[in-house]
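Letter by letter, the chains look like this.
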Amino acid sequence: METIPKLNEDQLKALTAKFQSKWSTETYHEIFLNHDSWPVSKLATGGLLQTIDDLFAGHIDNAFAIVRPPGHHANSCLSKGFCVVNNVAIGAKYVLEKGLAKKILIVDWDVHHGNGTQELFYNDDRVLYISTHRHEEDFSHYPGLPISGYTYCGEGKGLGYNVNIPFQANLPLILDPNFVPLRRPEIGDNEMLYVFHNIILPIAHEYQPDLVLVSSGFDASDGDLVGYNWESNAKCGEAVARALLSTETPPVPDLKETDIYSGLLPTVKEIIKTQSKYWKSLGN
Ligand SMILES: [Zn+2]
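About the criteria used
Residues numbered from 1 in each chain as written. Predicted model: local features only at pLDDT ≥ 70, side-chain atom pairs only at ≥ 80, totals over all residues. UniProt positions renumbered as here; feature names shortened; annotations may be inferred. Helix = DSSP H or I, 4+ residues; strand = E, 2+ residues; numbered from the N terminus. Expected span 1.5 Å × (residues − 1). Bend = angle between axes of the 7 residues up to and from the residue. Buried ≥ 20, exposed ≤ 12 C-beta atoms within 10 Å, placed from the backbone. Contact = placed C-beta atoms within 7 Å. Axes fitted to C-alpha atoms, helices over the stretch in contact; angles between N-to-C directions. Parallel < 35°, antiparallel > 145°, perpendicular 65-115°, else oblique. Left-handed = near helix turned anticlockwise from the far one by under 90°. Pairing = 2+ DSSP bridges. pLDDT = per-residue confidence, 0-100.

- As recorded by an unreviewed UniProt entry, the protein chain carries the name histone deacetylase and is attributed to Acrobeloides nanus.
- For the protein chain, the Catalytic activity (unreviewed entry) comment in UniProt is given as "N(6)-acetyl-L-lysyl-[histone] + H2O = L-lysyl-[histone] + acetate".

Pasting the structure below:
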């Protein structure tokens, strides 16, 4: 931990460089605190728990908890990646300990992998964790960990209850000699819809959760370059609220393999093959 008010410009630059070096091996984990961070974090988590209570009391059918700071990088002992405590994980544990539900699905569509959430439920069959996230083979995208890969499926009782969908388009597995690996491939709505329809929704229907929690980070949206863009945040927030309030869902195009980025397809096929060991709905 470092305090910054007494540091000069050079010291601040050096500290910033330290923060931005390899996250997985450094003591620092992209976490910035001030005097209000802890009380605000408790308010955020408390807001989510109150929302869960209201849901199970039947006062509401669904809810959108607009809480900051976020949570999915924090685990039980470390705050990381702007996340002080893991709100969704605490929410899931709260539901289980109160006996409100037996099976919880956590869907995490933030552009980063929720490594903290994965770690907290890796051995637990009561919580199915499914994450879509950008992932690079050289681990250059935060959180930059091997555990964000699709071969990490849980262990012990939790085996089969962890589904990683890395948008990992520069795999060396691609055999096409004309393929030029792209650092930032065109992953967009089609790719997201395709994995929802071909991986996430079939597994979710098969699992039949009592409760669905969504780690609804909007940093995968168009226009968001570094984690926050107020305009795209506002649009995404409105879209989620409209979907929750509406009885009708917008039409979804019937996408084929040829509609998605070709560099991603081998990864998608490998994910389906890997997860089909645990989920019948993905077989054939
Ligand atoms: Zn994120």
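### With respect to helix α5 (residues 189-207)
And step 1. Compared with the 27 Å implied by 1.5 Å per residue over 19 residues, the 25 Å span of α5 between its first and last C-alpha is a close match.
And step 2. Of all the bends found along α5, the most pronounced is centred on Phe-196 and spans about 45 degrees.
And step 3. Considered for burial, the residues of α5 that qualify are Glu-191, Tyr-194, Val-195, Ile-199 and Ile-203.
And step 4. Immediately downstream of α5, the backbone of Gln-208 shows phi near 55 degrees, a positive value.

### Considering the environment of Phe-82
And step 1. Relative to the elements of secondary structure, Phe-82 occurs in the loop between α2 (37-56) and α3 (87-97).
And step 2. Looking at Phe-82, the number of C-beta atoms within 10 Å reads 20, which means it is buried.
And step 3. For the pair formed by Phe-82 and His-72, sequence separation is ten residues and the distance between their alpha carbons is 9.4 Å.
And step 4. In this view, Phe-82 contacts Glu-30, Ile-31, Pro-69 and Pro-70; residues no more than four positions away in its chain are not counted.

### Description of the packing of α2 against α3
And step 1. The geometry of α2 relative to α3 is characterised by a closest axis approach of 9 Å and an angle of 40 degrees between their N-to-C directions. Relative to α3, the element α2 is oriented oblique. As α2 packs across α3, the resulting crossing turns out to be right-handed. Together, Ala-44, Thr-45, Leu-48, Leu-49 and Ile-52 of α2 and Asn-87, Ile-90, Gly-91, Tyr-94 and Val-95 of α3 make up the contact between the two elements.

### Topic: the sheet that holds strand β4 (residues 211-215)
And step 1. Taken together, four strands build an open sheet; the order of strands is β3-β2-β1-β4 and the sheet is parallel. Two strands in the sheet have a free side with no partner beyond their single neighbour: β3 (162-167) and β4. Within this sheet the neighbouring strands show an average axis-to-axis angle of 10 degrees, counted without direction.
And step 2. Summarising the sheet, strand β1 (residues 104-108) and strand β2 (residues 127-134) pair through five bridges and their orientation is parallel. When the sheet's bridge partners are listed, Asp-108 is paired in β2 with Ser-131.
And step 3. Its contacts with the sheet put α3 on β1, β2 and β4, and the angle it makes with β4 is roughly 165 degrees.
And step 4. Sheet contacts for α5: β1, β2 and β3; angle to β2, the most-contacted strand, approximately 175 degrees.

### So, the confidence of the model for the protein chain
And step 1. Mean pLDDT over the protein chain: 87, with 88% of residues reaching 70 or higher.
And step 2. pLDDT under 50 marks residues 171-183. Its contacts with residues more than four places away, or in other chains, come to twelve contacts.

### Topic: the packing of α5 against helix α7 (residues 265-275)
And step 1. Between α5 and α7, the least distance of the axes is 11 Å, while the angle of their chain directions is 15 degrees. By the angle between their axes, α5 is roughly parallel relative to α7. In this structure, the crossing between α5 and α7 has a hand that is left-handed. Contacts from Val-195, Asn-198, Ile-199 and Ile-203 in α5 reach Val-268, Ile-271, Ile-272 and Gln-275 in α7.

### Some remarks on unusual backbone geometry
And step 1. Across the junction of Arg-68 and Pro-69, the peptide omega takes the value -5 degrees, indicating a cis bond.
And step 2. The residue Phe-82 is not glycine, and still its phi comes out positive at about 70 degrees.
And step 3. If you check the backbone angles, Gln-208 has positive phi at about 55 degrees while not being a glycine.
And step 4. Inspection of the secondary structure puts Gln-208 in the loop between α5 and β4.
And step 5. Of the residues examined, Gln-208 has 8 C-beta atoms within 10 Å and is grouped as exposed.

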